[in-house]
Amino acid sequence: MKYDIAAFDFDGTLADTMPWFNSILNTVADKYGFRKIDLAERENLRHREASEILKYLGIPLWKLPAIMTHVRTLMQDIDPSVQLFDGIADAVAQLKAGGVRLAVISSNSIENVQRVLGADTCALFDDYECGTDLFGKAAKIDRLMRRHEVAPERFLLVGDEMRDIDAARKAGVRVASVAWGYNHVDALRERKPDELILTVDDLPAILA
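In the annotation of an unreviewed UniProt entry, the protein is listed under the name Phosphoglycolate phosphatase and assigned to Achromobacter piechaudii.

Chemist: So, the overall build of the protein: which residues are in play, and what are the values?
Modeler: Per the secondary structure count, the protein includes 10 helices and six strands. At 16 Å, the protein has a C-alpha radius of gyration in line with the 17 Å of a compact globule built from 208 residues. Over its C-alpha atoms, taken along the principal directions, the protein stretches across nearly 45 × 35 × 30 Å. A burial count over the protein gives 50% of its 208 residues as buried. Summing over all exposed atoms, the protein offers an accessible surface of approximately 10000 Å²; the carbon and sulfur share of this is 53%. Averaging the locations of the 26 positively and 33 negatively charged side chains of the protein gives two centres separated by 6 Å.

Chemist: For the packing of aromatic side chains, give the residues involved together with the corresponding values.
Modeler: Taken as a whole and judged by the stated rule, the model has four aromatic pairs. Considering the side-chain rings of F85 and W180, the 6.3 Å spacing of their centres and the 65 degrees angle between planes classify their relative orientation as edge-to-face. A residue pair is termed long-range when its members are at least 10 positions apart, and F85 in the loop between helix 4 (64-77) and helix 5 (88-97) and W180 in the loop between strand 5 (174-178) and helix 9 (185-190) qualify at 95 residues. What links up through ring pairs into an aromatic cluster is the set F8, F125 and Y128.

Chemist: Residue-level account of the sheet that holds strand 6 (residues 195-197), with values.
Modeler: An order of 3-2-1-4-5-6 is seen for the six strands of this open sheet, with the pairing classed as parallel. Where the open sheet ends on each side, the last strands, each with one partner, are strand 3 (127-130) and strand 6. Taken over all neighbouring pairs, the strand axes of this sheet differ in orientation by 20 degrees on average, direction set aside. Here four bridges tie strand 2 (residues 101-106) to strand 3, and the two strands are oriented parallel to one another. Residue pairing across strands places A103 opposite D127, the latter belonging to strand 3. Packed onto the sheet, helix 6 (residues 110-122) meets strand 2 and strand 3 and runs at close to 160 degrees relative to strand 3.

Rules and cut-offs
Residues numbered from 1 in each chain as written. Predicted model: local features only at pLDDT ≥ 70, side-chain atom pairs only at ≥ 80, totals over all residues. Heavy atoms only, no water. Helix = DSSP H or I, 4+ residues; strand = E, 2+ residues; numbered from the N terminus. Rg over C-alpha atoms; globule rule 2.2 N^0.38 Å. Buried < 20%, exposed > 50% of the residue type's maximum accessible area, 1.4 Å probe, protein only. Areas by Shrake-Rupley, 256 points an atom, 1.4 Å probe, with all protein chains shown as cover. Lys, Arg positive; Asp, Glu negative; His and termini not counted. Charge placed at Lys NZ, Arg CZ, Asp CG, Glu CD. Phe/Tyr/Trp six-rings, centres within 6.5 Å; stacked < 30°, edge-to-face > 60°. Pairing = 2+ DSSP bridges. Axes fitted to C-alpha atoms, helices over the stretch in contact; angles between N-to-C directions. Contact = heavy atoms within 4.5 Å.

Below is the structure:
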């Protein structure tokens, strides 16, 4: 295998949370007083940075922790409607069988993550870095590397957003971007990740 650890983002990488997120976005906008958007605007925002999206929606940074907490609470109530992407469980099982240690890195809560993964897939993961973190995803990566004594070049972050690429670069590790999540594949390609994964079925071969 190319990597000793593959650390997966959750929302948009392992779990197909985007349809659910889109369904609750305007309701959350009403509650927290930010801009409502239509379907065309949502597609356009897939090409934008996280900071640009917050600016477009009119969300000040000080409101973001409360909004994220509220969204995670809502997710607990609709858990059955959020599923793993088709083929993810099999792809993860193949990686595990090939000797890769697996982790989840997410701002979502560990309870939400493990509920959606399900018991069988949960058992395949060796570690979790979940929940909000003042220092962001790069700090989560650093903690995983220290705990597992893995060199940066043997650590791969797998994510679906441009900010995942930025976090990996900050932590000095390699990064794979998946084409089925929140940011559009063209936006990810421009950011030049180390690996670009177009379909779930490609995961085991590209990481091997």
